[in-house]
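# Topology and contacts: notes
Listed below are the residues making up each chain.
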Amino acid sequence: MKRLYIANWKMNMHYCAARSFCLDNYTRIIELSNDAEIIICPSFPVLQEIVSIFNNTSIKVGAQNCCAYQSGPYTGEVSIQSLQELGVSYCIVGHSERRTLFDETNEQIAKKIELLLSAQIIPIFCIGESKEEYENNKTVEILANQLAICAQLFSQAINQQSIIIAYEPVWSIGTGKIAGHDYLAHIFSWLRSYLAKISPKSNFRLVYGGSVNPENSSELKKIDSLDGFLIGNASTNFQTFEKIVSLL
Ligand code: PGA
């Protein structure tokens, strides 16, 4: 299976910048996708444009969030059905910025995953521990908690879709700080076996996120149980993104 590279542009790439990123580098992005699976997650207003730019190619588009309700009086929210009608194939859920800055709860995240799975949109489910939890050796406990509430839902997705789990230590996001190889290798192998235990029939792809850049990506690629990366800052510059994807 090709390695997965998910570009999470957050609110950093505005409409024009996001559009030119894709149009100016179109040929090279398509070339990169010969050996890599690329998913671009721009902000809501650009989704339709980017879906149409990459129509009939292997580049897929993901949203950064969705509403936990199907439809109704939820001013300012975006429904999963709208995402589906736009041709969006993935959606990030539970990103730590949403958990901490917008008070998103595990229950809301579980609801979103449930609705996404029934709409055939693949969730990119983010989990991760804070700095304090990391320092107190609580990582495994925190991750198990964040996953537990969704275990039931995962089994609904048996054999139909894969679910992407993004392990992103909160203290590593946007900070340039990154855990060592052995620590990450340990967490990912624990994650792989824990998921197999709680949802044996589901199909998971595991990605790492948090300060991924061309300097650390080759080392990260050596981690066995890792299927790819969720890349924030470094994905907003094409040359940097290209290096991460193409470096061995
Ligand atoms: P970063 O962000 O690569 O800028 O650390 C990763 C993320 O938040 O998904």
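Thresholds applied
- Residues numbered from 1 in each chain as written.
- Predicted model: local features only at pLDDT ≥ 70, side-chain atom pairs only at ≥ 80, totals over all residues.
- Heavy atoms only, no water.
- Near = heavy atom within 4 Å.
- Polar contact = N/O pair within 3.5 Å; in protein donor to acceptor, adjacent residues only side chain to side chain.
- Areas by Shrake-Rupley, 256 points an atom, 1.4 Å probe, with all protein chains shown as cover.
- 1 Å grid on protein atoms, 1.4 Å probe; cavity = no way out; pocket = protein on both sides within 12 Å on 5 of 7 lines; lining within 4 Å.
- Sits in = over half its atoms within 2 Å of the grid points.
- Nonpolar A, V, L, I, M, F, W, Y, C, P; charged D, E, K, R; others polar.
- Pairing = 2+ DSSP bridges.
- Helix = DSSP H or I, 4+ residues; strand = E, 2+ residues; numbered from the N terminus.
- Axes fitted to C-alpha atoms, helices over the stretch in contact; angles between N-to-C directions.
- Contact = heavy atoms within 4.5 Å.

### Topic: the site of the ligand
Around the ligand there are 13 residues in total, and Lys 10, His 95, Glu 168, Gly 174 and Ser 211 lie nearest to it. Here Ser 211 contributes a backbone N or O atom positioned 2.8 Å from an oxygen atom of the ligand. Taking Gly 232, its main chain carries an N or O atom lying 2.9 Å from an oxygen atom of the ligand. Burial of the ligand by the protein amounts to 99% of the accessible area it has alone, namely 290 Å². When each cavity is represented as a set of grid points, the ligand is found to reside in the second largest pocket. When its residues are assigned to classes, the shell around the ligand shows three nonpolar, eight polar and two charged.

### Structural notes on the sheet that holds strand 7 (residues 203-209)
With parallel pairing, eight strands are arranged side by side around a closed barrel as 1-2-3-4-5-6-7-8. Averaged over all pairs of adjacent strands, the angle between their axes in this sheet comes to 25°, without regard to strand direction. Pairing analysis gives two bridges linking strand 3 (residues 60-63) to strand 4 (residues 90-93), with the strands arranged parallel. Pairing of Gly 62 across the sheet is with Tyr 90, part of strand 4. Seen against the sheet, helix 12 (residues 238-246) touches strand 1 (3-8), strand 2 (36-41) and strand 8 (228-231) and runs at an angle of roughly 160° to strand 1.

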